[in-house]
Amino acid sequence: MRRRLAAATLAAALLAGCGDSGPSAEQQVRTTLGEFGRATAAKDYQALCDRVFAPQLVRKLTQIGLPCEVAMQQSFEKVSNPRLTIGKVTVAGDEKSAKAEVRTSATGQAPSQDTVELVPVKDGWRVSSLG
């Protein structure tokens, strides 16, 4: 009986250690930035405001007196074929912030190299600062 209990305990411990811990913080940041690029290209401003931008960034955007979606629409209405290429991603050791080097381009506009800052939220990472 003792052997069976010990074997069962060992098996449970091994199974617990083999579980998938999910995507790393860097992978989550890259996923968010990918969604940022897709939503911008699709002009899906609702997705930007609801799933990509951190709540504090949305609050800053709305301080100008417009809903986030309207502010984004006005910012991107003349942008054609926007593209975002994700470069180096650096996650802070405490995983409370991240920075990503991105290259942005659009038809008729010069490409730019920018740093995007992100913060963790309960369901992943969100963009907290553009620029």
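Residues numbered from 1 in each chain as written. Predicted model: local features only at pLDDT ≥ 70, side-chain atom pairs only at ≥ 80, totals over all residues. Heavy atoms only, no water.

Enquirer: Would you explain the side chain of Arg-126 in this entry?
Expert: Within the element layout of this structure, Arg-126 appears in strand β4 (residues 124–129). A polar atom in the side chain of Arg-126 sits 3.4 Å from the side chain of Asp-123. Not counting residues within four places of it along the chain, the set of residues in contact with Arg-126 comprises Thr-32, Asp-50, Arg-51, Val-52, Phe-53, Ala-54, Glu-117, Leu-118, Val-119 and Val-121. (Helix = DSSP H or I, 4+ residues; strand = E, 2+ residues; numbered from the N terminus. Polar contact = N/O pair within 3.5 Å; in protein donor to acceptor, adjacent residues only side chain to side chain. Contact = heavy atoms within 4.5 Å.)

Enquirer: Which parts of the structure should I look at to understand the packing of helix α3 (residues 45–52) against helix α5 (residues 68–76)?
Expert: Taken N-terminus to C-terminus, the directions of α3 and α5 make an angle of 125 degrees; their axes are 8 Å apart at the nearest point. What the angle tells us is that α3 and α5 run oblique. The two elements α3 and α5 meet at a crossing, and its hand is right-handed. Contacts between α3 and α5 pair Tyr-45, Gln-46, Leu-48, Cys-49 and Asp-50 from the former with Cys-68, Glu-69, Met-72, Gln-73 and Phe-76 from the latter. A breakdown of the residues in the contact of α3 with α5 according to their chemical character gives 6 nonpolar, 2 polar and 2 charged. (Axes fitted to C-alpha atoms, helices over the stretch in contact; angles between N-to-C directions. Parallel < 35°, antiparallel > 145°, perpendicular 65-115°, else oblique. Left-handed = near helix turned anticlockwise from the far one by under 90°. Nonpolar A, V, L, I, M, F, W, Y, C, P; charged D, E, K, R; others polar.)

Enquirer: What exactly am I supposed to notice about the pairing of strand β3 (residues 109–121) here?
Expert: Looking along a regular strand, one sees the side chains alternate between the two faces of the sheet. One ladder, built from 8 bridges, connects strand β2 (residues 98–106) with β3; its direction is antiparallel. Across the sheet, the residue bridging to Lys-99 is Glu-117, located in β3. Between the end of β2 and the start of β3, which pair antiparallel, lie 2 residues, with Gly-108 showing a positive phi angle near 80 degrees. For β3 and β4, the ladder comprises 5 bridges, and the chain directions are antiparallel. Note that in β4 the partner of Pro-120 across the bridge is Trp-125. In this structure, the hairpin formed by β3 and β4 is closed by a connection of 2 residues. (Pairing = 2+ DSSP bridges.)

Enquirer: I tried to follow the pattern of salt bridges on my own but got confused; where do I start?
Expert: When the charged atoms of two side chains with opposite charge come close together, those side chains can pair. Throughout the structure, instances matching the rule amount to 4 salt bridges. The partner of Glu-26 in a salt bridge is Arg-30, with the nearest N and O atoms 3.1 Å apart. Residue Glu-26 and its partner Arg-30 are located together in helix α2 (residues 25–41), separated by 4 residues, close to a single helical turn. In this structure, a network of salt bridges that share partners links the residues Glu-35, Arg-38 and Arg-51. (Salt bridge = Lys/Arg side-chain N within 4 Å of Asp/Glu carboxyl O.)

Enquirer: I keep staring at the layout of surface pockets and nothing clicks. Help me out?
Expert: Rolled over the atoms, a probe as big as a water molecule pinpoints where empty space is left. Empty space within the largest pocket amounts to approximately 400 Å³. Phe-36, Thr-40, Phe-76, Thr-104 and Asp-114 are the residues nearest the centre of the largest pocket, which is lined by 22 residues in total. Looking at the lining of the largest pocket, the elements with two or more residues in it are α2, α5, β1 (83–91), β2 and β3. For the lining of the largest pocket, the element with the most residues is β3, which contributes 5 residues. For the lining of the largest pocket, a count of residues per class yields 12 nonpolar, 8 polar and 2 charged. (1 Å grid on protein atoms, 1.4 Å probe; cavity = no way out; pocket = protein on both sides within 12 Å on 5 of 7 lines; lining within 4 Å. Points joined across faces, edges and corners; volume = space filled by probe spheres on them.)

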